[in-house]
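Structural features, examined
Here's the letter readout for the chains.
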Amino acid sequence: MADSDTRTGAADEKDREKWMARFQVRLAMQPGVDRAVVLQAVKNVTFHCAETGEHPRAAFGDPDEYAVRVAAELVPADRAARARQRNAVVDTLDSVLKKARDVTGL
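Here the focus is the nonpolar core. The biggest cluster of nonpolar side chains holds 17 residues, and the ones touching the most others in it are Trp19, Phe23, Leu27, Val33, Val45 and Tyr66. Among the secondary structure elements, those contributing two or more residues to this core are helix H1 (2-28), helix H2 (35-52) and helix H4 (63-74). Considering each element in turn, this core owes the most residues, six residues, to H2. With near-sequence residues (within four places) excluded, Phe23 lies in contact with Ala41, Val42, Val45, Pro63, Tyr66, Ala67 and Val70.

Right, dumping it as structure tokens:
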């Protein structure tokens with residue numbers, strides 16, 4: 001019985017780690033999110049789960065969706081807009097450079 005409990009506990013911990021890793025990656029990908037935002041969000045999730053004993057999925061739902069919500073709450077709208085605009089410019093430049101390489105055969 002103890003071995004079963006240990007395996008279940010290890011599997012649950014692994015699932016928590018996977019949820020947290022996915023949440024962090026998805027959060028970091030949101031426009032305007034910096035290291036401080038990610039650290040604050042991880043701290044909040046970790047504290048809540050430690051206090052309540054809840055699994056992050058039970059408390060916060062899907063990690064991708066929660067990352068979008070957290071970014072909207074923690075990142076000022078103007079900073080997110082600037083980051084989206086900057087990302088659009090970089091994407092456009094990448095596209096132009098790719099086309100130029102295709103044309104020149106480089």
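All right, on to the pattern of salt bridges then. Two side chains bearing opposite charge may form a pair once their charged atoms approach each other closely. Going through the model one piece at a time under the given rule, you end up with three salt bridges. The salt bridge involving Arg16 is made with Asp12; its shortest N-O contact spans 3.4 Å. With Arg16 and Asp12 both in helix H1, this residue pair falls four residues apart, about one helical turn. With a closest N to O distance of 2.8 Å, Asp64 and Arg22 form a salt bridge. One end of the pair, Asp64, is in helix H4; the other, Arg22, is in helix H1, with 42 residues separating them in the sequence. The exposure class of Arg22 is partly exposed, given its relative accessible area of 38%.

This prediction gives the protein chain a mean pLDDT of 83; 73% of its residues lie at or above 70. Taken element by element, the predicted model of the protein chain shows its lowest mean pLDDT in helix H5 (residues 77-104) (66) and its highest in helix H3 (residues 56-60) (96).

With that settled, the discussion passes to H2. For H2, with 18 residues, the first-to-last C-alpha span of 26 Å sits near the 26 Å given by 1.5 Å per residue. By the burial criterion, the buried members of H2 are Val37, Val38, Ala41, Val42, Val45 and Cys49. The buried residues of H2 occupy an angular sector of 125° when the element is viewed end-on, so they sit on one face. Those residues of H2 that are exposed and angled more than 90 degrees off the buried face are Arg35, Ala36, Lys43, Phe47, Ala50 and Glu51. Immediately beyond the C-terminal end of H2, within one or two residues, lies Gly53, with a positive phi of roughly 80°.

Definitions and limits used
Residues numbered from 1 in each chain as written. Predicted model: local features only at pLDDT ≥ 70, side-chain atom pairs only at ≥ 80, totals over all residues. Heavy atoms only, no water. Core = buried A, V, L, I, M, F, W, Y, C linked by side-chain atoms within 4.5 Å. Buried < 20%, exposed > 50% of the residue type's maximum accessible area, 1.4 Å probe, protein only. Helix = DSSP H or I, 4+ residues; strand = E, 2+ residues; numbered from the N terminus. Contact = heavy atoms within 4.5 Å. Salt bridge = Lys/Arg side-chain N within 4 Å of Asp/Glu carboxyl O. pLDDT = per-residue confidence, 0-100. Expected span 1.5 Å × (residues − 1). Arc of directions from axis to C-beta.

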